[in-house]
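The chain contents come next:
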Amino acid sequence: MYPPTPIKRGDTIIESSLYDRYAGELQIALQDMDNSGKTSVVGKVCDEEVYLLDHVRPWQKFKFKENMR
């Protein structure tokens, strides 16, 4: 078994069913943190746009919007 992937600022994460209350929640990490193994890193905010996280507050709702460039 591989060690859990560390969580970095800007990572898009989903909490596993090992978390009773937060299972299945999609979140964006606002800071680096250790991964206990209960969290899956499934994506990342691109480096050019990670500055936007400075405007997101803990527990604030967000949504993804596809850019059709």
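Everything quoted here is computed from the prediction, not taken from an experiment.

Definitions and cut-offs
Residues numbered from 1 in each chain as written. Predicted model: local features only at pLDDT ≥ 70, side-chain atom pairs only at ≥ 80, totals over all residues. Heavy atoms only, no water. Patch = residues over 30% accessible without salt bridge, like charges linked within 9 Å, V, L, I, M, F, W, Y side chains within 5 Å. Areas by Shrake-Rupley, 256 points an atom, 1.4 Å probe, with all protein chains shown as cover. Salt bridge = Lys/Arg side-chain N within 4 Å of Asp/Glu carboxyl O. Helix = DSSP H or I, 4+ residues; strand = E, 2+ residues; numbered from the N terminus. Buried < 20%, exposed > 50% of the residue type's maximum accessible area, 1.4 Å probe, protein only. Contact = heavy atoms within 4.5 Å. Phe/Tyr/Trp six-rings, centres within 6.5 Å; stacked < 30°, edge-to-face > 60°. Pairing = 2+ DSSP bridges. Axes fitted to C-alpha atoms, helices over the stretch in contact; angles between N-to-C directions.

Visitor: I'd like a description of a nonpolar patch on the surface, backed by residues and values.
Guide: Together, I14, L26, V42, F62 and F64 make up a nonpolar patch on the protein surface, roughly 430 Å² of accessible area in all. One can find V42 in strand β3 (residues 39–44).

Visitor: Please give an account of the pattern of salt bridges that cites residues and values.
Guide: Summed over the entire model, instances satisfying the criterion amount to 1 salt bridge. Close ionic contact of R9 with D54 constitutes a salt bridge, the shortest N to O distance being 2.7 Å. Of the two residues, R9 sits in the segment before β1 (11–15) while D54 sits in the segment after β3, which places them 45 residues apart along the sequence. Overall, the relative accessible area of 28% leaves R9 in the partly exposed class.

Visitor: Which residues make up the environment of S40, and what are the values?
Guide: Locating S40 in the fold gives a position in strand β3. On the accessibility criterion, S40 (39% relative accessible area) is partly exposed. Considered as a pair, S40 and P6 are 34 residues apart in the sequence and their alpha carbons are 9.7 Å apart. Other than its neighbours up to four places away in sequence, S40 contacts T12, I13 and I14.

Visitor: Hey, could you go over the environment of P3 for me, with residue numbers and the actual values?
Guide: Following the sequence through the fold, P3 ends up in the segment before β1. Looking at P3, the relative accessible area reads 67%, which means it is exposed. It is 9.1 Å that separates the C-alpha atoms of P3 and N35, two residues lying 32 residues apart in sequence.

Visitor: Lay out the packing of aromatic side chains with the relevant residues and their values.
Guide: A complete count under the given rule lists 1 aromatic pair for this structure. Relative to F64, the ring of F62 lies with its centre 5.5 Å away and its plane at 85°, an arrangement referred to as edge-to-face.

Visitor: Could you give me a rundown of the sheet that holds β1, with the residues and numbers involved?
Guide: Sheets are built from strands paired through backbone hydrogen bonds, the pairs being either parallel or antiparallel. Across the sheet, which stays open at both edges, the 3 strands sit in the order β2-β1-β3 with antiparallel pairing between neighbours. Looking at which strands have only one partner, the edges of the open sheet turn out to be β2 (26–28) and β3. Adjacent strand axes in the sheet meet at a mean angle of 30° when their direction is disregarded. Relative to β3, β1 runs antiparallel, the two sharing 5 bridges. The residue of β3 that forms the bridge with D11 is K44.

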